[in-house]
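Inside the fold
Each chain, letter by letter, is given below.
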Amino acid sequence: MNREPLICLHNVAKRFDRGETVALEQINLRLHSERFYALCGPSGCGKSTLLHLIGLLEWPDEGEIFYEGRSYRTITEHARFRRESIGFVFQFHHLIPVWTLKENMVAAMLPECSGDNREHRALELLDRVGLAHRAKALARDISGGERQRGAIARALVNRPKLIIADEPTGNVDSVNAMRIMKLLQGYALEEKATLLIATHDEGIALSADVRIGMQDGRIESFKEMHDYCSSKDQ
Amino acid sequence: MFRYAFRNLLRSPLRSLFTLVSIITIMALYVLLQSVTSTFEQELERLFSHDGVEIIVQSRYAATPVTSSIKAEIVDRLRSDERIAALEPLIVGRKRVANRASLFIFGIDDLARVQSRLGMHLRDGHLFHQPNEELVGEKTAQKLGLKLGDMLTLGEGEHMRIAGLFGSWLQFLDAAVVLPLAEAQRVLGKSAEVSLLLLRLHQNEEASEVMEAINRDFPELTAVDALSLPDQFGAIKTLYRFGEIVAILTLIMSFAVMFNTFLLSGLERTREAGILSAIGWSRGRIVMLMVLEAAMLCIGGAVGGFLLAFPLLMLLEQSFGEVYMYLPDAPSLFLLWHALGMAVVIALLSALYPALYATRLAVAEALRYES
Ligand SMILES: Nc1ncnc2c1ncn2[C@@H]1O[C@H](COP(=O)(O)OP(=O)(O)OP(=O)(O)O)[C@@H](O)[C@H]1O
Ligand SMILES: [Mg+2]
């Protein structure tokens, strides 16, 4: 695969507490478009930190990150970049609790599109995640599973090429978990988007194209899943 | 944007409500107190800035126009100055009538000429042309239940017949009694003196020259530029300062209330800022949302306070038996603009810091933010 990668990390490191906690070290990674990556590893190994760096929610202490060959250092309008290029799904839904679901959707959309288009798009996505009937409910008044689906709808609303999800199924029951994964994968397939999902669920990792294993802030393994499965079979 | 700001106000409806009520109360107090001082201020300005009055002469050590006293012979000496085109003597005093109210009494030499300057128009009756006739301001008449032709006694043996009822631009004139100069002098027991002289010159450019001459040649007088008259009187100056202090206190109090409200929700706000930033809102847009939220509260408070001042003024007026000269019937509209202007300033001041504080963190940190 010699195409230019969608995301490329070069010697990235991230430390906290004035350098005392090393969250990430020597990260080199290439993510290609239209693929599904599962990020696995024990708690505290740095998965969330890595996703935050790629999602431009946090800044690396060392190294460089590229999006379609463009260094994050050259991006001046971070908010705009996040809005246009990345859909981020958090472990906790992070909807604004006092806004309605629809308002939460519309707020995430590009201010450039007209009001009608935004409303239409918001309802279309809510319908897709099975929440059209809850569009006018405040985010704080709906169930945990519904909130997480709402958060997914919000992440997809600007048709991002990269969808990052940090344990999207961590706080929901198995039925909702399946539903969420189906939504994400279905969307990625349809819109030719790349999926990067941090998870503890090996079941999810099995359905991915690539499984990235992490340990103590480093990338320990990078396996194409058909190889992984066949090696297990033997 | 308005919609999101409004939703945020409903985040904690009770807190927003109490903040709103506080702002309304503070603003109502502001409008009420300012109605007293600024009405007076405006009226003085109106009184002296019209119709070419250049110079006002009063006795040098007088605290207010009521205590100013200028002897008749001095008036005559001044009349001989040929730079002066017209010299209008005026006497002002207060009298208690009917055991209830104390009224301002104005003695005016040539009423017909002054009339237009004061915006005086007769509602009923005619200008006085017989002795012992008086004109009564409509507010006085209303308060004391007087009609045309009634007698209003202004002291021992001074039974005056009401020849006309008038309205004017000036609250304190409407709450006064107007007499011909000579009769006012008699009633007030100041036979050969007046309170103020209003001078008009042939040539406006000579104003400062004439003022200098008067101040030099008449040690018992001061001559001032008509527009700066209010500054000459301690009592009036105090009233102005009072107005300014009330405005500053209003700003501080509303600011404190708003700031407190906004700091209280610091945690929610930081999280919210993190979320909005994560979904692609720029810092400016997030700050704007929070300022808008504050502005909605403050503007609501300003409008509410202005409206609340109407019944409060009415209540005040009813509870005073006296004719209250400085109290207008309703707050003037410019106070609404004042209050709105202050509301915007308060909103900016009180929301900007908390908003900048809430948006200071990297997004990931803000989302993790706990305390
Ligand atoms: N803001 C922070 N301040 C200090 N230390 C932090 C901060 N964020 C993360 N860390 C530390 O960095 C390391 C990696 O954290 P991270 O949240 O990325 O792990 P994770 O793999 O997502 O874990 P989990 O599976 O439990 O979510 C941990 O040791 C964590 O304590
Ligand atoms: Mg994590």
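Anything mentioned here points back to the structure above.
As a starting point, this report considers the structure included with it. Note that the structure is predicted; figures quoted are calculated from it, not measured.

**Quick notes on the interface of chain A and chain B**
Each partner contributes to the interface: chain A provides 22 residues, whereas chain B provides 22 residues. Counting each side, the surface lost to burial between chain A and chain B is near 2000 Å², with a carbon and sulfur contribution of 60%. Summed over the shared surface of chain A and chain B, the number is two salt bridges. Arg7 of chain B is the partner of Glu103 of chain A in a salt bridge, and the nearest nitrogen-oxygen pair spans 2.7 Å. Counting across the interface, chain A meets chain B through ten residue pairs in polar contact (both at pLDDT 80 or more). When contributions to the side of chain A that touches chain B are tallied by element, the ones reaching two or more residues are helix 2 (78-85) and helix 3 (101-108) of chain A. Per-element accounting of the side of chain A that touches chain B gives the leading share, four residues, to helix 3 of chain A. In terms of residue class, the side of chain A that touches chain B is built from 13 nonpolar, three polar and six charged.

**Re the site of ligand 1**
Lining the immediate environment of ligand 1, one finds 14 residues, of which Ser43, Lys47, Ser48 and Thr49 of chain A together with Arg368 of chain B sit closest. Each of chains A and B places residues next to ligand 1. Within the side chain of Glu167 of chain A, a nitrogen or oxygen atom sits 3.3 Å from an oxygen atom of ligand 1. With respect to ligand 1, the side chain of His200 of chain A contributes an N or O atom lying 3.1 Å from an oxygen atom. Burial of ligand 1 by the protein chains amounts to 70% of its free accessible area of 630 Å². Where the shell around ligand 1 is concerned, the elements lending two or more residues are strand 2 (21-31) and helix 1 (47-54) of chain A. If one sorts the elements of the shell around ligand 1 by residue count, helix 1 of chain A sits on top with three residues.

**Remarks on the pairing of strand 10 (residues 218-224) of chain A**
Residues and elements named next belong to chain A. Here strand 9 (residues 210-215) runs beside strand 10; their pairing, made up of six bridges, is antiparallel. The partner of Arg211 across the bridge, within strand 10, is Lys223. Hairpin connection between strand 9 and strand 10: a loop of two residues separates the two successive antiparallel strands, and Asp216 in this loop has a positive phi of roughly 50 degrees.

**Let's talk about a nonpolar patch on the surface**
Residue and element names in this part refer to chain B. Judged by side-chain polarity, Ile299, Val303, Leu307, Phe310, Val344, Leu348, Leu352 and Leu356 come together as a nonpolar surface patch covering roughly 600 Å² of accessible area. At the level of secondary structure, the elements contributing two or more residues to the nonpolar patch comprise helix 12 (283-319) and helix 13 (333-358). For Ile299, the location among the structural elements is in helix 12. By relative accessible area, which is 34% here, Ile299 ends up partly exposed.

**Remarks on the nonpolar core**
Among the nonpolar cores identified, the biggest contains 121 residues, and Ile54 and Tyr72 of chain A are the most heavily contacted of them. For this core, the element with the most residues is helix 12 of chain B, which contributes 13 residues. Setting aside residues up to four positions removed in sequence, Tyr72 of chain A forms contacts with Ile7, Leu53, Ile54, Leu56, Trp59, Ile65, Phe66, Tyr67, Phe81 and Ile86 of chain A. Counting 39 residues, the second largest nonpolar core, distinct from the first, contains Val75, Ala101, Ala184 and Ala223 of chain B.

Criteria and thresholds
Residues numbered from 1 in each chain as written. Chains lettered and ligands numbered in written order. Predicted model: local features only at pLDDT ≥ 70, side-chain atom pairs only at ≥ 80, totals over all residues. Heavy atoms only, no water. Contact = heavy atoms within 4.5 Å. Buried area = accessible area lost by both parts, 1.4 Å probe. Salt bridge = Lys/Arg side-chain N within 4 Å of Asp/Glu carboxyl O. Polar contact = N/O pair within 3.5 Å; in protein donor to acceptor, adjacent residues only side chain to side chain. Helix = DSSP H or I, 4+ residues; strand = E, 2+ residues; numbered from the N terminus. Nonpolar A, V, L, I, M, F, W, Y, C, P; charged D, E, K, R; others polar. Near = heavy atom within 4 Å. Areas by Shrake-Rupley, 256 points an atom, 1.4 Å probe, with all protein chains shown as cover. Pairing = 2+ DSSP bridges. Patch = residues over 30% accessible without salt bridge, like charges linked within 9 Å, V, L, I, M, F, W, Y side chains within 5 Å. Buried < 20%, exposed > 50% of the residue type's maximum accessible area, 1.4 Å probe, protein only. Core = buried A, V, L, I, M, F, W, Y, C linked by side-chain atoms within 4.5 Å.

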